[in-house]
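Residue-level structural notes
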Amino acid sequence: MTNELLFDFTVDKAKKTVYITREFDAELSLVWDAFTKKELLDQWVAPKPLTAKTKYQDFKVGGKRFYAMVSPEGQERWAVQEYTSITPKTNFKMYNAFADKDENLELPGSEWDHTFSEQDEKTKVSITIYNESFERLERLLDGFTQGMKMSLGNLENLLATLSKARS
Amino acid sequence: MEVRRDVFQAIADPTRRAILLLIAAQSMTPNAIAEEFHTSRQAVSKHIQILTECELVKQEKKGREIYYHINATKMKEIDKWIEQFKKIFETQFNQLDKVLFTIKKQKK
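A brief structural summary. Note that this is a predicted model, so its numbers are computed, not measured.

Considering the overall build of chain B
Helices and strands together make up the secondary structure of chain B, namely 5 helices and 2 strands. Along chain B, helices and strands appear, N-terminal first, in the series α-α-α-α-β-β-α. Considering chain B as a whole, with its 108 residues, one finds that 19% of them fall into the buried category. In chain B, once contacts between residues fewer than 6 apart in sequence are set aside, the share between residues at least 24 apart is 50%.

Structure, rendered in structure tokens:
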């Protein structure tokens, strides 16, 4: 695998928008599937040690994906993505919001726009994320880092136990 | 209930960004800041109040006057936060690279 893949990440604080561009070493149809099919999404969207699980997905305009990020301790953070526009293998837009386990939305959410293009057997994906409130993005980050902190906490405990056993 | 001020909302406003730029160079009194803008002193002091509430600016008393200066630590926090956010995407996409790689191998 090559590490020479383009990755661009900028934040326009004034416009409350995040711009991300990333290249993938695969054909467009495969990358499109990886972003739009739950079986594939669940394999990569959760930064380890978190895992993702999709309860259901209906990939069509007006359809939704209801999914959770799960911490190693089993704590679930649910969210809903509603598809607002789909141009197959070119672009899709969705509205993303946190939710409880019964699918009640916690607003405001954020608007995501994904554009796909293929060049030299690589696929470029451009993502813009608009947030009504940056505080929300902050919470999104908290959700991710909590899972990581928890496992770091576990590691600390383990190390403490090990060093005790030694002395 | 105490409402937490949104730091990013604070810097989303053009006047407040201008204030931050202004006092980044040197600390200033509210009057001196207000003189730089074509709005009322009240409006400017409201902006300063918001910036103070989210700890982007700090006040300091020198004699009778209050001076406002930028809180560099808080500004750095924002950059740090953005950096963390970037890392999460990096992690995600690296995982996706692996998934794509595996699928491609299976196809062959």
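The rest of the description comes next.
Topic: the sheet that holds strand β5 (residues 76-87) of chain A
Residue and element names in this part refer to chain A. Ordered by their spatial adjacency, 8 strands build an open sheet running β1-β2-β8-β7-β6-β5-β4-β3, and the pairing between neighbours is antiparallel. Unpaired on one side and paired on the other, β1 (7-12) and β3 (51-57) mark the two borders of the sheet. For this sheet, the mean inter-axis angle between neighbouring strands, taken without regard to orientation, is 20 degrees. Sheet analysis places strand β4 (residues 64-70) next to β5, joined by 7 bridges and oriented antiparallel. Residue pairing for β5: V70 is matched across the bridge by E76. Contacts from helix α1 (residues 28-36) reach β2 (17-24), β6 (91-99), β7 (105-119) and β8 (122-131) within the one sheet, and its direction differs from that of β7 by about 170 degrees.

Focus on the pairing of β7(A)
Residue and element names in this part refer to chain A. As defined by bridge partners, β6 adjoins β7 across 8 bridges and the pair is classed as antiparallel. Within the sheet, the bridge partner assigned to N91 lies in β7 and is T115. Where β6 folds back on β7, the antiparallel hairpin that results is connected by 5 residues, among which E103 adopts a positive phi of roughly 75 degrees. Where β7 and β8 come together, 10 bridges link them in antiparallel fashion. Within β8, the position partnered with E111 by the bridge is Y130. Connecting β7 to the antiparallel partner β8 that follows it, the hairpin turn spans 2 residues, and D120 within it adopts a positive phi of roughly 50 degrees.

What to know about the interface of chain A and chain B
Between chain A and chain B, the contact holds 28 residues from the first and 24 residues from the second. When residues of the side of chain A that touches chain B are traced back to their parent elements, those giving at least two are β1, β2, α1, α2 (38-44) and α3 (134-166) of chain A. Among the elements that line the side of chain A that touches chain B, the one with the most residues is α3(A), at 7 residues. For the side of chain A that touches chain B, the residue count by class is 19 nonpolar, 3 polar and 6 charged.

Notes on the nonpolar core
B:I23, B:I33, B:I48, B:L51, B:V57 and B:Y68 are the most contacted members of the largest nonpolar core, which totals 13 residues. If you list the elements that add at least two residues to this core, you get α1 (7-12), α2 (14-25), α4 (41-53) and β2 (65-70) of chain B. Of all the elements, α4(B) adds the most residues to this core, at 3 residues. If we ignore the near neighbours within four places in the chain, the residues touching B:I33 are B:I19, B:L22, B:I23, B:M28, B:V44, B:I48 and B:Y68. Listed in part, the 11 residues of the second largest apolar core include A:V31, A:A34, A:L41 and A:W44.

Structural notes on the packing of α1(A) against helix α5 (residues 72-107) of chain B
Between α1(A) and α5(B), the shortest axis-to-axis distance is 11 Å and the interhelical angle comes to 125 degrees. The angle between α1(A) and α5(B) places the two elements in the oblique class. For the pair α1(A) and α5(B), the sense of crossing is right-handed. Within the contact between the two elements, α1(A) uses A:L30, A:V31 and A:A34 and α5(B) uses B:L96, B:V99, B:L100 and B:I103. Broken down by class, the residue content of the contact of α1(A) with α5(B) amounts to 7 nonpolar, no polar and no charged.

A look at the pairing of β8(A)
In this structure, β2(A) lies alongside β8(A), joined through 8 bridges in antiparallel fashion. When the sheet's bridge partners are listed, A:E23 is paired in β8(A) with A:K124.

Some remarks on the environment of A:Y130
Residues and elements named next belong to chain A. Residue position: Y130 is located in strand β8. Classification of Y130 as partly exposed rests on a count of 14 C-beta atoms within 10 Å. For the pair formed by Y130 and T17, sequence separation is 113 residues and the distance between their alpha carbons is 4.5 Å. Setting aside chain neighbours within four positions, we find Y130 in contact with K16, T17, S110 and E111.

Topic: the environment of A:K38
Within the element layout of this structure, A:K38 appears in helix α2. Ignoring sequence-local partners within four residues, the contact set of A:K38 consists of A:T54, A:Q57 and A:R65.

The rules behind the values
Residues numbered from 1 in each chain as written. Chains lettered and ligands numbered in written order. Predicted model: local features only at pLDDT ≥ 70, side-chain atom pairs only at ≥ 80, totals over all residues. Helix = DSSP H or I, 4+ residues; strand = E, 2+ residues; numbered from the N terminus. Buried ≥ 20, exposed ≤ 12 C-beta atoms within 10 Å, placed from the backbone. Contact = placed C-beta atoms within 7 Å. Pairing = 2+ DSSP bridges. Axes fitted to C-alpha atoms, helices over the stretch in contact; angles between N-to-C directions. Nonpolar A, V, L, I, M, F, W, Y, C, P; charged D, E, K, R; others polar. Core = buried A, V, L, I, M, F, W, Y, C linked by C-beta atoms within 7 Å. Parallel < 35°, antiparallel > 145°, perpendicular 65-115°, else oblique. Left-handed = near helix turned anticlockwise from the far one by under 90°.

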